[in-house]
Amino acid sequence: MPDFPPARAGQRIGLLGGSFDPPHAGHVQITRAALVRFGLDRVWWLVTPGNPLKPAGPAPLERRLAAARAVMRHPAVTVSGLEAQLGTRYTAETIPALRAHYPGVRFTWLMGADNLAQFHLWQDWEAILAAVPVGVLARPGERISARMSRAARIYRHARLPARASRLLGGADAPAWCFVNLPMSDLSSTALRAAGHWTP
Ligand SMILES: Nc1ncnc2c1ncn2[C@@H]1O[C@H](COP(=O)(O)OP(=O)(O)OP(=O)(O)O)[C@@H](O)[C@H]1O
Ligand SMILES: O=C(O)c1ccc[n+]([C@@H]2O[C@H](COP(=O)([O-])O)[C@@H](O)[C@H]2O)c1
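The rules behind each value
Residues numbered from 1 in each chain as written. Chains lettered and ligands numbered in written order. Predicted model: local features only at pLDDT ≥ 70, side-chain atom pairs only at ≥ 80, totals over all residues. UniProt positions renumbered as here; feature names shortened; annotations may be inferred. Near = placed C-beta within 6 Å. Helix = DSSP H or I, 4+ residues; strand = E, 2+ residues; numbered from the N terminus. Nonpolar A, V, L, I, M, F, W, Y, C, P; charged D, E, K, R; others polar. Pairing = 2+ DSSP bridges. Axes fitted to C-alpha atoms, helices over the stretch in contact; angles between N-to-C directions. Contact = placed C-beta atoms within 7 Å. Buried ≥ 20, exposed ≤ 12 C-beta atoms within 10 Å, placed from the backbone. Right-handed = clockwise from strand over helix to strand, strands pointing away.

Per an unreviewed UniProt entry, the chain carries the name Probable nicotinate-nucleotide adenylyltransferase and comes from Oceanicola granulosus. Taken verbatim from the UniProt record of the chain, the Catalytic activity (unreviewed entry) comment is "nicotinate beta-D-ribonucleotide + ATP + H(+) = deamido-NAD(+) + diphosphate". Per UniProt, the chain carries the Pathway (unreviewed entry) text "Cofactor biosynthesis; NAD(+) biosynthesis; deamido-NAD(+) from nicotinate D-ribonucleotide: step 1/1."

This part takes up the site of ligand 1. Residues in close proximity to ligand 1 total 19 residues, the closest being Gly-18, Gly-26, Gly-112, Ser-188 and Thr-189. Residue assignment for the shell around ligand 1 shows that the elements contributing at least two residues are strand S1 (12-18), helix H1 (25-37), strand S4 (106-112), helix H5 (113-117) and helix H9 (188-193). Per-element accounting of the shell around ligand 1 gives the leading share, three residues, to H1. Of the residues assigned to the shell around ligand 1, the class counts are six nonpolar, 10 polar and three charged.

Strands pair in a sheet through their backbones, by hydrogen bonds, and they do so in one of two ways: parallel or antiparallel. Read from one edge of the open sheet, six strands run S3-S2-S1-S4-S5-S6, paired in parallel fashion. In the strand order of this sheet, the two ends are held by strand S3 (77-80) and strand S6 (176-179), each with one partner. Ignoring which end each strand starts from, the neighbouring axes of this sheet average 25° apart. Examined bridge by bridge, S4 and strand S5 (residues 134-137) share four bridges and lie parallel to one another. Considered in S5, the bridge of Gly-112 is made with Leu-137. Against the sheet, helix H4 (residues 91-101) contacts S1, strand S2 (42-47) and S4, and its axis sits at roughly 155° relative to S4.

A few words on the pairing of S2. Within S2, six of the six residues are buried, which leaves it mostly tucked inside the rest of the structure. Burial along S2 is two-sided: the face carrying Arg-42, Trp-44 and Leu-46 and the face carrying Val-43, Trp-45 and Val-47 are both buried. Pairing of S1 with S2, which is carried by six bridges, proceeds in the parallel orientation. Following the sheet pairing, Leu-15 is matched in S2 by Trp-44. On the question of chirality, the crossover connecting S1 to the parallel S2 by way of H1 is right-handed. Across four bridges, the pairing between S2 and S3 is parallel. Bridging across to S3, Trp-45 finds its partner in Val-79. Following the backbone out of S2, through helix H2 (residues 61-71) and into the adjacent parallel S3, one traces a crossover that is right-handed.

Next up, the structure:
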């Protein structure tokens, strides 16, 4: 069993879950932005064993972890296979498992705007919002669908304005914040289609 990354009570840690099939510069860009914009001490990438909403399985986990470690080089960022270690796949299971393993650590869930648009389809999505702050990063073509999404509408009272985004990492849930940033139009789908990734 690989080691769990270290963390101290009170630390603010962003969790970027993803297939990373393959990882790309867009992931790196939103991670760097999240550290600064959401007032985080660290970001952990959670390379999923498989997105529960995607029917086709991704490339093997070890291959995606190795590629992610090659792409994401930053002293405050850790690339992990924690969901495989914990035996969880759904985010609503992963977050309580991490909180039980790391008492007192302040986790923030991170995702691109495309995932906010679909967030209401995730298993127990309201439990996720009740458990941790959620930081949303702009993605080309997704800003309007994210803002109009069911989750954004139902939880509009819990939205932190972008000018206060640095408070998100220390905020009590429910709280979410949408930030704009210089956007990257990279996607794993496009890289796979262009033949840049052979599992
Ligand atoms: N270019 C990007 N801009 C903003 N967010 C992004 C970008 N690429 C990925 N993300 C976000 O990073 C997280 C992990 O993304 P994922 O590994 O699914 O990559 P992807 O490029 O979206 O893959 P795919 O094309 O297979 O759906 C998700 O929350 C996703 O919204
Ligand atoms: O828990 C769910 O129902 C759920 C549904 C869709 C996506 N997720 C998680 O969202 C993250 C982003 O997924 P992906 O495939 O878009 O990179 C990843 O950690 C998935 O496990 C989680």
